[in-house]
Amino acid sequence: MSTISDRLCELRRQIPSGVALVAVSKFHPVERLMEAYDAGQRLFAENRPQELAAKVPQMPSDVQWHFIGHLQTNKLKLVLPYVSLVQSVDSLHLLEAINRWAFENGRVVDVLLELHLGAEETKQGFSEEEILEILRGEGRGSEPGNLRIRGLMGMATNTDDMAVVEKDFERIETLYRRIKASGMDGFDILSIGMSGDWPLAVRHGATMVRIGTDIFGPREY
Ligand SMILES: *Cc1c(COP(=O)(O)O)cnc(C)c1O
């Protein structure tokens with residue numbers, strides 16, 4: 001059986017050097033995260049505030065954390081002090097709450113806007129039009145002076161049909177390139193691709209892939 005270290009090594013060999021590898025460690029115990037750390041991994045992501053806040057103090061301080069789950073505004077203080085990027089901003093309400101928290105805490109918080117992809121029951125994420133409106137500064141009460149919108153995040157439809165997944169990636173890639181072409185400052189992250197579909201995501205311009213199962217094995221719920 002291969003180890004976490006073997007699997008990380010193999011992934012690093014395959015993923016192009018300009019693409020950041022985020023190790024999605026949700027549901028895995030800290031000992032498994034430490035195996036990845038010892039193999040050189042420094043960038044980890046969690047999707048539940050409580051779990052993130054519990055793991056942070058147990059891991060070395062040079063670990064960088066991203067948040068990739070649904071974030072309720074009453075949980076900001078469990079997440080924002082610890083993360084360098086919130087990848088999963090999926091409502092204007094959340095965006096404004098993060099900005100307010102950042103202002104009150106003298107911080108600037110980097111975020112990605114999540115584009116809703118696929119036809120799934122989960123309605124998480126913005127439409128293209130909503131993202132363009134946000135970037136034009138419409139519908140926003142306050143100046144988002146303490147936020148940096150660094151790019152887009154998307155989760156493709158959960159299916160084995162790679163043609164469907166590819167359509168999703170094409171949609172988000174098109175939007176990403178359109179925004180980039182408009183010259184937006186510091187907008188340089190396209191976070192798409194997980195264990196089943198990251199090679200396709202890389203072909204569609206991913207600058208960041210979020211991989212859990214292919215590193216840590218199956219999650220125990
Ligand atoms: C769990 C999760 C991943 C990783 O999924 P794997 O299939 O285990 O690689 C990536 N992105 C998000 C948002 C997730 O919640």
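Presented here is an overview of the structure given in this document.

Concerning the overall build of the protein
Working step 1: Secondary structure assignment for the protein yields nine helices and eight strands.
Working step 2: Relative to the globule expectation of 17 Å for 221 residues, the C-alpha radius of gyration of the protein, 17 Å, shows essentially globular dimensions.
Working step 3: Considering the protein as a whole, with its 221 residues, one finds that 51% of them fall into the buried category.
Working step 4: Sequence separation of at least 24 residues holds for 57% of the intrachain contacts in the protein that already meet a minimum separation of 6.
Working step 5: Carbon and sulfur atoms provide 50% of the accessible area of the protein, an area that totals close to 10,800 Å².
Working step 6: Side chains of the protein carry 25 positive and 32 negative charges; the gap between the two charge centres is 3 Å.

Describing helix α1 (residues 4–14)
Working step 1: Inspection of α1 places I4, R7, L8 and L11 among the buried residues, and these make up the whole buried set. The arc that holds the buried residues of α1, viewed along the axis, is 100 degrees, so those residues lie on one side. Exposed and oriented more than 90 degrees from the buried face of α1 are C9 and R13.
Working step 2: Buried residues along α1 sit against β1 (20–24), α2 (30–38), α8 (198–203), β8 (208–211) and α9 (213–216).

Some thoughts on the site of the ligand
Working step 1: Taken together, V24, K26, I68, M153, M155, M194, S195, R210, I211, G212, T213 and R219 are the residues near the ligand.
Working step 2: Within the backbone of G212, one N or O atom sits 2.8 Å away from an oxygen atom of the ligand.
Working step 3: Bound to the protein, the ligand loses 92% of the 390 Å² it would expose on its own.
Working step 4: Applying the majority rule of atoms within 2 Å of the grid points places the ligand in the largest pocket.
Working step 5: Grouping the constituent residues of the shell around the ligand by class yields six nonpolar, three polar and three charged.

Notes on the packing of aromatic side chains
Working step 1: Counted by the stated rule, this structure contains two aromatic pairs.
Working step 2: Directly above the aromatic system of F27 lies the positively charged group of R48, at a separation of 4.0 Å from the ring centroid.

Digging into the packing of α1 against α2
Working step 1: Put simply, α1 and α2 touch, their axes get as near as 9 Å, and they point 45 degrees apart. As judged from the angle between their axes, α1 and α2 are oblique. Both α1 and α2 take part in a crossing whose hand is right-handed. Touching I4, R7 and L8 of α1 are R32, E35 and A36, all from α2.
Working step 2: A breakdown of the residues in the contact of α1 with α2 according to their chemical character gives three nonpolar, no polar and three charged.

So, the packing of helix α6 (residues 128–135) against helix α7 (residues 162–181)
Working step 1: Contact pair α6 / α7: the axes reach a minimum separation of 11 Å and the direction vectors enclose 20 degrees. Taken together, the axis directions place α6 and α7 in an arrangement best described as roughly parallel. Read as a crossing pair, α6 and α7 show a hand that is right-handed. Contacts between α6 and α7 pair E128, I131, L132 and L135 from the former with R171, L175, R178 and I179 from the latter.

Rules used throughout
Residues numbered from 1 in each chain as written. Predicted model: local features only at pLDDT ≥ 70, side-chain atom pairs only at ≥ 80, totals over all residues. Heavy atoms only, no water. Helix = DSSP H or I, 4+ residues; strand = E, 2+ residues; numbered from the N terminus. Rg over C-alpha atoms; globule rule 2.2 N^0.38 Å. Buried < 20%, exposed > 50% of the residue type's maximum accessible area, 1.4 Å probe, protein only. Contact = heavy atoms within 4.5 Å. Areas by Shrake-Rupley, 256 points an atom, 1.4 Å probe, with all protein chains shown as cover. Lys, Arg positive; Asp, Glu negative; His and termini not counted. Charge placed at Lys NZ, Arg CZ, Asp CG, Glu CD. Arc of directions from axis to C-beta. Near = heavy atom within 4 Å. Polar contact = N/O pair within 3.5 Å; in protein donor to acceptor, adjacent residues only side chain to side chain. 1 Å grid on protein atoms, 1.4 Å probe; cavity = no way out; pocket = protein on both sides within 12 Å on 5 of 7 lines; lining within 4 Å. Sits in = over half its atoms within 2 Å of the grid points. Nonpolar A, V, L, I, M, F, W, Y, C, P; charged D, E, K, R; others polar. Phe/Tyr/Trp six-rings, centres within 6.5 Å; stacked < 30°, edge-to-face > 60°. Lys NZ or Arg CZ within 6 Å of the ring centre and 35° of its normal. Axes fitted to C-alpha atoms, helices over the stretch in contact; angles between N-to-C directions. Parallel < 35°, antiparallel > 145°, perpendicular 65-115°, else oblique. Left-handed = near helix turned anticlockwise from the far one by under 90°.

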